[in-house]
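Observations on the three-dimensional arrangement
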Amino acid sequence: LSSEPDKPAGVATDLKTVSWAGDALTGVVRLIDQTKLPGELSYLDCRDVAALFEAIRSLRVRGAPAIGIAAAYGVVLGARSAGWSDARAVRLAAVEASQYLRTSRPTAVNLFWALDRMERVVERAGELNGRELLAALWVEAGSILEEDRRICRAMGQHGKGLVPAGGGVLTHCNAGGLATADYGTALGVLFAAAADGVEFEVYADETRPLLQGARLTAWELQQRGIPVTLICDNMAGWMMKRGKIQMVIVGADRIAANGDTANKIGTYGVAVLARAHGIPFYVAAPASTFDLAIPDGSHIPIEERHAHEVTHPQGRAAAPEGIRVANPAFDVTPAELITGIVTEHGMIAPVNPARVSAVLARP
Ligand code: MRU
């Protein structure tokens, strides 16, 4: 029941976005506080479910796979709050924590996928005593984290051949190490290409209103020495028109059975622009981001966030008081605008229900 305490990482090539520090009985969930980047690489230790819930809701930890890993460890924190002598109390506390964490954010299905896995451990607990159940939950959360590390690297290998040598690649939001355990989905594909010596330039959309592109993607790429140019969201079309972009690649928060893909607000617009300019548009996402229970994107719940994020960028008023605001955090790109989806099982192309189920069924 113990793991090596984590050393805070010095550079972004050695990110530990979410980790567990200490043993199962006394340890903490250690997160990079992403609201502090790029100015400060600092860590937040969550000791209870309430702290972890707050970290997810306020985007201290964000990105679909990272939220799932954090929530899984959150169930361990919750289970532990019941002590570890009474197995029934540990079971109830674990399920209660899981149910609570399900209400933190609605769109990224990885959250629900990870919590389902944790609840299955509770269901299978059988004759385990409280301490053994706690250990089983901790091991499962650790497996979710380790699988993510392996899966992201597999996606990198499957997708790296798409990256155009000498070309420009546009990305939106942050689908890098900060959105996963440590490596990334869409950015993982770029890291794998760069590791092979492919030279290219990344154009990072700033990604209003919360600037994940400017604060996180630009920072990660800079740390890794990959050439990156930051642009405002409204510049993407013009960059394409001027021949600067040969490929678009983004991550995903939930993908329906037909391939319709929810990702950060603005992704749909980028996909429309890519189609208008004849530029391939790729998504990179693990199988855990697919929600095969829904036939298409119209069933994806879209998180609506506080108006303040739009009216007060960086905390300063930038709009008249009392103005009506819309702030959907995600949009849905229809499958027909997606050239291919890179998964750990290989590439889904063309994107249609048959290809989605065939590729995901591969070992
Ligand atoms: O609101 P966020 O920052 O959690 O949104 C994140 C995204 O939209 C990412 O592109 C997505 O989760 C893919 S991360 C590998």
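Let us look at the structure shown here. Note that residues are indexed from 1 along each chain, following the sequence as it is written. Reporting of local features is limited, given that this is a predicted model, to residues whose pLDDT is at least 70; pairs of side-chain atoms are given and counted only at 80 or more, and all residues count toward the totals for whole chains, interfaces and linings. Hydrogens and water molecules were not included; the side-chain quantities draw on all heavy atoms of the structure.

Moving on, we come to the overall build of the protein chain. Helix and strand counts for the protein chain stand at 11 helices and 14 strands. Seen through its principal axes, the protein chain has C-alpha atoms that stretch 65 × 50 × 40 Å. Per-residue burial for the protein chain yields a buried fraction of 56% across its 363 residues. By definition, residues are in contact when any of their heavy atoms lie within 4.5 Å. Nonlocal contacts in the protein chain, meaning residues at least 24 apart in sequence, comprise 72% of its contacts between residues at least 6 apart. For the protein chain, the accessible area works out to roughly 14800 Å², and carbon and sulfur atoms hold 53% of it. The charged-residue count follows a simple rule in which Lys and Arg add positive charge and Asp and Glu add negative charge, with His and chain termini not counted at all. Taken as the charge centre is NZ of Lys, CZ of Arg, CG of Asp or CD of Glu, depending on the residue. Counting 35 positive and 39 negative side-chain charges, the protein chain places the averaged centre of each group 2 Å from the other. A run of DSSP states H or I qualifies as a helix once it reaches four residues; a run of E qualifies as a strand once it reaches two. Both are numbered from the N-terminal end. Exposure categories follow from relative accessible area, calculated using a 1.4 Å probe and restricted to protein chains: below 20% of the type maximum is buried, above 50% is exposed, and the middle band is partly exposed. Computed with a 1.4 Å probe, the accessible areas rest on the Shrake-Rupley method; for each residue, only the protein chains presented here act as cover.

Time to look at the pattern of salt bridges. Side-chain pairs of opposite charge can arise whenever the charged atoms involved come near each other. A pairing counts as a salt bridge when a side-chain nitrogen of Lys or Arg comes within 4 Å of a carboxyl oxygen of Asp or Glu. One pass over the full model with this rule turns up 16 salt bridges. Between D182 and R149 there is a salt bridge whose closest N-O contact spans 2.9 Å. Taken together, the residues span a long stretch of sequence, with D182 in the loop between β4 (168-171) and α6 (186-195) and R149 in helix α5 (residues 130-159) at a distance of 33 residues. Residue R149 is classed as partly exposed on the basis of its relative accessible area, which comes to 32%. Between D291 and R254 there is a salt bridge, with the nearest N and O atoms lying 2.7 Å from each other. Note that D291 is positioned in strand β11 (residues 290-291) and R254 in strand β8 (residues 254-256), a separation of 37 residues in sequence. Each member of the pair D291 and R254 is classed as buried.

Turning our attention to the site of the ligand. Around the ligand sit 18 residues in total, of which R62, R105, D253, N263 and K264 are the nearest. The term polar contact refers here to a pair of N or O atoms within 3.5 Å; inside protein, the definition further demands a hydrogen-donor-capable atom paired with an acceptor-capable atom, and it admits residues adjacent in sequence only when both atoms are side-chain atoms. Take R62: an N or O atom from its side chain is 2.8 Å from an oxygen atom of the ligand. In this structure, an oxygen atom belonging to the ligand sits 3.0 Å away from a main-chain N or O atom of G63. Breaking the shell around the ligand down by element, the ones donating at least two residues are α2 (64-80) and β9 (261-264). Working definition: residue near molecule or strand if any one of its non-hydrogen atoms lies within 4 Å of it.

Inter-axis angles, ranging from 0 to 180 degrees, are taken between N-to-C directions of lines fitted to C-alpha atoms, where helices are fitted over the stretch in contact. Across the interface, helix α4 (residues 109-123) lies against α5 with an axial gap of 9 Å and an inter-helix angle of 150 degrees. Judged by the angle between their axes, α4 and α5 are roughly antiparallel. Considering only the axes of α4 and α5, their crossing is right-handed. Residues W113, A114, R117, M118, V121 and V122 of α4 lie in contact with α5, whose contacting residues are L133, A136, L137, E140, A141, S143, I144 and E147. When residues are sorted by character, Ala, Val, Leu, Ile, Met, Phe, Trp, Tyr, Cys and Pro go into the nonpolar class, Asp, Glu, Lys and Arg into the charged class, and all the rest, Gly among them, into the polar class. Residue classes in the contact of α4 with α5 are distributed as 10 nonpolar, one polar and three charged. These descriptions rest on fixed angle ranges, namely under 35 degrees for roughly parallel, over 145 for roughly antiparallel, 65 to 115 for roughly perpendicular, and the rest for oblique. Two helices that cross are described as forming a left-handed crossing if the nearer one is turned anticlockwise from the farther one by less than a right angle, and a right-handed crossing if clockwise.

The next point concerns the packing of α2 against α5. Packed helices, taken two at a time, are described by the angle their axes make and the gap between the axes. Where α2 contacts α5, the axes come no closer than 9 Å and their chain directions differ by 170 degrees. Considering the angle they form, α2 stands roughly antiparallel to α5. Contacts from P65, I69, A72, Y73, V75, V76, A79 and R80 of α2 reach α5 at L134, L137, W138, A141, G142, I144, L145 and D148. Here the residues of the contact of α2 with α5 are counted per class, giving 13 nonpolar, one polar and two charged.

Below, the discussion takes up the state of the cysteines. Note on terminology: disulfide denotes any pair of cysteine sulfur atoms within 2.5 Å. Under the definition given, this model contains zero disulfides. The thiol of C173 is unpaired, and the distance to the nearest cysteine sulfur, on C152, comes to 15 Å.

Residues apart from glycine generally show negative phi values, whereas peptide bonds are mostly found in trans. With an omega dihedral of 10 degrees, the bond running from L37 to P38 counts as a cis peptide bond. Relative to the helices and strands, P38 is located in the loop between β2 (28-32) and β3 (43-46). The omega torsion of the bond from R208 to P209 falls at 5 degrees, within 30 degrees of zero and hence cis. Its location among the elements puts P209 in the loop between β5 (201-205) and α7 (212-223). Unusually for a residue other than glycine, L59 sits at a positive phi of about 65 degrees. Relative to the helices and strands, L59 is located in the loop between α1 (49-57) and α2. In the Ramachandran plot, T207 falls in the positive-phi region, its phi being about 70 degrees despite a non-glycine side chain. On the basis of relative accessibility, which here comes to 0%, the residue T207 falls in the buried class.

Now for the nonpolar core. If you look at the biggest cluster of nonpolar residues, it comprises 44 residues, and the most contacted ones within it are V18, V29, L31, Y73, V76, L101 and L137. Those elements that provide at least two residues to this core are β1 (18-21), β2, α1, α2, α3 (87-101), α4 and α5. When residues in this core are grouped by element, the largest group, 11 residues, is from α2. The residues touching L101, leaving out its near neighbours within four places in the chain, are V49, L52, F53, I56, A71, G74, V75, L111 and L115. In this structure, A236, F281, V351 and V359 belong to the second largest nonpolar core, which totals 28 residues. For the purposes of this section, nonpolar cores are sets of buried Ala, Val, Leu, Ile, Met, Phe, Trp, Tyr and Cys residues that join through side-chain atoms within 4.5 Å.

So, about empty space enclosed by the protein. Leftover empty space is mapped by rolling, across the atoms, a probe with the size of a water molecule. Lining residues are defined by having an atom within 4 Å of a point belonging to a cavity or pocket. Those points lie on a 1 Å grid over the protein atoms alone, cavities being sets where a 1.4 Å probe fits but cannot get out and pockets being open sets with protein on both sides within 12 Å along at least five of seven lines. Grid points are joined across faces, edges and corners, and a volume is the space filled by probe spheres set on the points. According to the stated counting rule, one finds two cavities of 30 Å³ or more in the structure shown. What lines the largest cavity is a set of 25 residues, and nearest its centre among them are R62, G63, A64, N174 and D253. Among the secondary structure elements, those contributing two or more residues to the lining of the largest cavity are α2 and β9. Examining the composition of the lining of the largest cavity, we find that three residues originate from one element, α2, more than from any other. Of the residues contributing to the lining of the largest cavity, the split by class is 12 nonpolar, nine polar and four charged. Roughly 60 Å³ of volume is contained in the second largest cavity. A class-by-class count of the residues in the lining of the second largest cavity yields six nonpolar, two polar and three charged.

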